[in-house]
Amino acid sequence: VVHQLSIDELYEMRLKMGMMFQVSGLFTDMTVYDNLAFPLREHTDLPEELIHDLVLMKLHAVGLRNARNLMPSELSGGMRKRAAIARALALEPEILFLDEPTSGLDPITARGLDRVLRSLVDDLGLTAFVATHDLDTLLTVVDRVIVLAHGRVLADGPVGEVTRVDDPWVRDYFAVRSMVAPPEG
């Protein structure tokens with residue numbers, strides 16, 4: 001029961017959670033490497049050699065191993081999002097929170113990020129809570145959807161079931177997907 005935890009217990013619980021902010025939340029005056037090393041230096045007593053190896057592993061997991069010496073301003077939007085995910089994973093959390101991970105990305109970059117997310121969840125056995133309006137992300141990354149609208153839960157279940165919920169708002173939301181016709185080839 002979170003609200004009954006002491007300050008120390010709450011702090012300990014938070015270390016088991018990773019957060020990827022919508023606008024990345026990277027420190028602008030630190031390299032990508034130092035952004036990922038920061039939580040390890042702040043919350044562990046690991047030797048610098050091990051921190052180095054862990055940072056490179058996290059960067060490799062999101063396809064950014066060669067970007068370690070870049071500043072956040074030198075990264076594309078998709079690279080910033082992946083760096084933010086890698087930093088959220090730095091302390092090997094049990095739960096990963098992602099706020100609109102594909103917002104502001106072009107469709108090709110967004111789908112690539114979806115593949116990275118799905119792979120990380122599967123490979124690391126993570127529980128990920130994804131707040132998103134992106135239908136492609138819903139259909140490819142998540143296993144369970146909770147639809148919130150009008151101050152209440154309108155639907156809760158596997159994606160396939162939720163797309164068939166008999167609620168006008170839910171129906172309209174998922175109907176948008178069928179309105180987008182693929183270009184004629």
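So, here's what we can say about the structure. (Residues numbered from 1 in each chain as written. Predicted model: local features only at pLDDT ≥ 70, side-chain atom pairs only at ≥ 80, totals over all residues. Heavy atoms only, no water.)

1. Observations concerning a nonpolar patch on the surface
Part 1 of the reasoning: Judged by side-chain polarity, Ile146, Leu148 and Val153 come together as a nonpolar surface patch covering roughly 300 Å² of accessible area.
Part 2 of the reasoning: Here Val153 lies in strand 5 (residues 152–158).
Part 3 of the reasoning: Classification of Val153 as partly exposed rests on a relative accessible area of 49%. (Patch = residues over 30% accessible without salt bridge, like charges linked within 9 Å, V, L, I, M, F, W, Y side chains within 5 Å. Areas by Shrake-Rupley, 256 points an atom, 1.4 Å probe, with all protein chains shown as cover. Salt bridge = Lys/Arg side-chain N within 4 Å of Asp/Glu carboxyl O. Helix = DSSP H or I, 4+ residues; strand = E, 2+ residues; numbered from the N terminus. Buried < 20%, exposed > 50% of the residue type's maximum accessible area, 1.4 Å probe, protein only.)

2. Examining the packing of helix 2 (residues 32–43) against helix 3 (residues 48–61)
Part 1 of the reasoning: For the pair helix 2 and helix 3, interaxial distance at closest approach is 9 Å and the crossing angle is 125 degrees. The orientation of helix 2 relative to helix 3 falls into the category oblique. Regarding helix 2 and helix 3, the two cross each other, and that crossing is right-handed. Between helix 2 and helix 3, the residues in contact are Val32, Tyr33, Leu36, Ala37, Leu40 and Arg41 and Glu48, Ile51, His52, Leu54, Val55, Lys58 and Leu59, respectively.
Part 2 of the reasoning: Here the contact of helix 2 with helix 3 is built from residues that sort into nine nonpolar, one polar and three charged. (Axes fitted to C-alpha atoms, helices over the stretch in contact; angles between N-to-C directions. Parallel < 35°, antiparallel > 145°, perpendicular 65-115°, else oblique. Left-handed = near helix turned anticlockwise from the far one by under 90°. Contact = heavy atoms within 4.5 Å. Nonpolar A, V, L, I, M, F, W, Y, C, P; charged D, E, K, R; others polar.)

3. Section: the pattern of salt bridges
Part 1 of the reasoning: Evaluation of the coordinates by the stated rule reveals ten salt bridges.
Part 2 of the reasoning: Linking Arg41 and Glu48 is a salt bridge whose minimum nitrogen-to-oxygen distance equals 2.6 Å.
Part 3 of the reasoning: For Arg41, a relative accessible area of 39% corresponds to the partly exposed category.
Part 4 of the reasoning: Notably, a salt bridge pairs Arg111 with Asp136, separated by 3.2 Å at the nearest N-O pair. One end of the pair, Arg111, is in helix 5 (residues 107–124); the other, Asp136, is in helix 6 (residues 135–140), with 25 residues separating them in the sequence. In this pair, the class of Arg111 matches that of Asp136, namely buried.
Part 5 of the reasoning: Salt bridges here are not isolated pairs; linked through shared partners, they connect Arg111, Asp114, Asp134 and Asp136.

4. Observations regarding the sheet that holds strand 3 (residues 127–131)
Remark on secondary structure: sheet strands pair via backbone hydrogen bonds, oriented parallel or antiparallel.
Part 1 of the reasoning: Across the sheet, three strands lie side by side as 1-2-3; this open sheet has parallel pairing. At either end of the open sheet lies a strand with only one pairing partner, and these are strand 1 (17–20) and strand 3. Strand-to-strand twist of the sheet, defined as the mean angle between neighbouring strand axes without regard to direction, takes the value 15 degrees.
Part 2 of the reasoning: Pairing between strand 2 (residues 95–99) and strand 3: five bridges, direction parallel. Across the sheet, the residue bridging to Asp99 is Ala131, located in strand 3. (Pairing = 2+ DSSP bridges.)

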